Amino acid sequence: MTNPATLSTPARRKARRTELLHWIAVHSLGVAAALFFVLPFVFVFLTSLMGDQQALTRDLTPNSWHWDNYLKVFHTDGFLTWWRNSLLYAGAGTVLVVVSSVPVAYALAKFRFRGRRLSMLLVISMMMLPPQVVIIPMYLFWAQQMDLSGTLWPLIVPLAFGDAFTVFLLRQFLLTIPDEYIEAARIDGCGELRTLLRVVLPMAKPGIAAVALFQFFAAWNDYFGPQIYASENPAAWTLSYGLESFRGAHHTNWNLTMAATVLVMAPVILVFFFAQKAFVEGVTLTGVKG
């Protein structure tokens with residue numbers, strides 16, 4: 001491509017217009033997609049800062065900025081309790097899933113044993129099984145046998161036994177780690193547990209970060225689970241389920257509803273913003289080797 005600095009003024013302007021049109025042609029779809037995803041968030045945020053009456057109009061920007069709407073949401077009865085429950089569910093669930101799934105994924109990826117392919121087939125089959133299929137026997141077990149209805153424990157405890165999607169994703173990532181590193185650790189006298197902790201886990205940080213974010217987002221946004229197990233006890237509601245009750249109580253105050261929505265979305269956005277590099281790397285490298 002000709003360097004614009006070496007051209008005359010008319011030719012330089014023409015070259016710059018050509019470069020601009022080329023940039024627009026290359027990035028137009030990306031810009032359009034970005035606007036498609038960003039504009040709804042901008043609309044929600046701006047509406048959250050409007051007054052009660054303006055939020056019911058067609059105005060797109062606030063006439064005056066009502067930052068106190070967020071304080072009103074926080075002072076709503078139960079909102080901080082929902083926040084705490086969501087952190088407990090998402091945080092504890094993420095830790096339990098990662099801790100329980102890593103050894104299983106490591107065994108499926110690096111061990112050679114009879115029934116290995118069948119075990120992997122069962123994991124994939126569990127991924128295809130909708131949760132609604134087993135919800136009735138699971139509810140009867142937790143509600144009648146364990147008497148834990150009205151709490152979040154029926155959602156948290158099963159995560160201590162792994163998750164099919166997490167095991168599959170981690171297994172695919174661990175396949176990308178060369179076997180030579182593991183064999184060298186075994187030759188040096190490391191047992192399987194020490195090899196996993198000292199050799200495999202440091203190399204698998206991107207994959208672990210990816211599955212941890214997937215699980216955190218899934219638990220934070222889960223509406224179906226809390227509705228089934230915790231709907232009868234407002235003290236056990238999460239933000240995703242409590243937001244529906246908040247909207248019903250403030251159905252004419254769209255500014256407060258949007259402010260509550262922003263507060264529900266904020267942790268997810270912040271977590272992804274600070275961990276996006278590890279997340280993208282983990283997802284990109286997963287499945288390179290089958």
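Quantities reported herein were computed from a predicted structural model and do not represent experimental measurements. (Residues numbered from 1 in each chain as written. Predicted model: local features only at pLDDT ≥ 70, side-chain atom pairs only at ≥ 80, totals over all residues. Heavy atoms only, no water.)

K.L.:
Give me a nonpolar patch on the surface: which residues, what numbers.
P.N.:
On the surface, a nonpolar cluster with roughly 1,100 Å² of combined accessible area is contributed by L20, L21, W23, I24, V31, L35, F36, F37, V38, L39 and V42. Tracing the backbone shows V42 in helix α1 (residues 9–48). In this structure V42 comes out as partly exposed when scored by relative accessible area, which is 37%. (Patch = residues over 30% accessible without salt bridge, like charges linked within 9 Å, V, L, I, M, F, W, Y side chains within 5 Å. Areas by Shrake-Rupley, 256 points an atom, 1.4 Å probe, with all protein chains shown as cover. Salt bridge = Lys/Arg side-chain N within 4 Å of Asp/Glu carboxyl O. Helix = DSSP H or I, 4+ residues; strand = E, 2+ residues; numbered from the N terminus. Buried < 20%, exposed > 50% of the residue type's maximum accessible area, 1.4 Å probe, protein only.)

K.L.:
Can you break down the pattern of salt bridges residue by residue, with the values?
P.N.:
Summed over all chains, the structure comprises 4 salt bridges. One salt bridge connects D179 with K110, and the closest N-O pair in it is separated by 2.8 Å. Residue D179 is located in helix α8 (residues 179–187), and its partner K110 is located in helix α3 (residues 79–110); the two are separated by 69 residues in the primary sequence. E192 is the partner of R186 in a salt bridge, and the nearest nitrogen-oxygen pair spans 3.1 Å.

K.L.:
Before we move on, could you go through the packing of aromatic side chains and cite the residues and values that matter?
P.N.:
Under the criterion given, the structure shown has 16 aromatic pairs. Between the aromatic rings of F36 and F37, the centroid separation amounts to 5.5 Å while the plane-to-plane angle is 85°, which identifies the pairing as edge-to-face. Taking relative accessible area as the criterion, F36 reaches 62% and is therefore assigned exposed. Taking the centre distance of 5.3 Å and the plane angle of 65° together, the rings of Y106 and F111 count as edge-to-face. Y106 gets classed as buried once you look at its relative accessible area, which sits at 3%. By relative accessible area, F111 is classed as partly exposed at 26%. Taken together, the ring pairs in this structure connect F74, F79, W82, W83, F216, F217, W220, Y223, W237 and Y241 into an aromatic cluster. (Phe/Tyr/Trp six-rings, centres within 6.5 Å; stacked < 30°, edge-to-face > 60°.)

K.L.:
Break down unusual backbone geometry for me, citing the residues and quoting the values.
P.N.:
Negative phi values dominate among residues other than glycine, just as trans dominates among peptide bonds. Unusually for a residue other than glycine, D147 sits at a positive phi of about 55°. With respect to the helices and strands, D147 occurs in the loop between α5 (131–145) and α6 (153–156).

K.L.:
Let's hear about a positive patch on the surface: which residues, and what values?
P.N.:
Together, R13, K14, R16 and R17 give the surface a local cluster of positive charge. Relative to the helices and strands, R13 resides in helix α1. (Lys, Arg positive; Asp, Glu negative; His and termini not counted. Charge placed at Lys NZ, Arg CZ, Asp CG, Glu CD.)

K.L.:
Pulling in residues and values, what's your account of α1?
P.N.:
In this model, α1 (40 residues) spans only 49 Å end to end at C-alpha, well below the 58 Å of a helix rising 1.5 Å per residue. Its maximal kink placed at H27, α1 deviates by approximately 55°. (Expected span 1.5 Å × (residues − 1). Bend = angle between axes of the 7 residues up to and from the residue.)

K.L.:
Could you give an account of the nonpolar core, naming the residues involved and the relevant values?
P.N.:
Counting 35 residues, the largest nonpolar core has V73, F79, Y89 and W220 as its most contacted members. Those elements that provide at least two residues to this core are α2 (68–74), α3, α5, α6, α10 (205–220), α12 (239–249) and α13 (254–285). Among the elements that line this core, the one with the most residues is α13, at 8 residues. In contact with V73, other than residues within four places in its own chain, are F79, F246, L256, A259, A260 and L263. Judged by nonpolar contacts, the second largest core, of 18 residues, contains V102, L174, L175 and L196. (Core = buried A, V, L, I, M, F, W, Y, C linked by side-chain atoms within 4.5 Å. Contact = heavy atoms within 4.5 Å.)

K.L.:
With reference to specific residues and values, describe the layout of surface pockets.
P.N.:
By volume, the largest pocket amounts to about 1,100 Å³. The wall of the largest pocket is formed by 28 residues, among which P131, V134, P158, L159 and D163 lie closest to the centre. Where the lining of the largest pocket is concerned, the elements lending two or more residues are α4 (116–128), α5, α6, α7 (164–174), α10 and α11 (224–229). Across the lining of the largest pocket, the residue classes break down as 22 nonpolar, 4 polar and 2 charged. In this model, the second largest pocket occupies a volume close to 160 Å³. Around the second largest pocket, the lining residues are F41, V42, F45, V262, M265, A266, I269 and L270. Listed by contribution, the elements that provide at least two residues to the lining of the second largest pocket are α1 and α13. A per-element tally of the lining of the second largest pocket places α13 first, with 5 residues. Across the lining of the second largest pocket, the residue classes break down as 8 nonpolar, no polar and no charged. (1 Å grid on protein atoms, 1.4 Å probe; cavity = no way out; pocket = protein on both sides within 12 Å on 5 of 7 lines; lining within 4 Å. Points joined across faces, edges and corners; volume = space filled by probe spheres on them. Nonpolar A, V, L, I, M, F, W, Y, C, P; charged D, E, K, R; others polar.)

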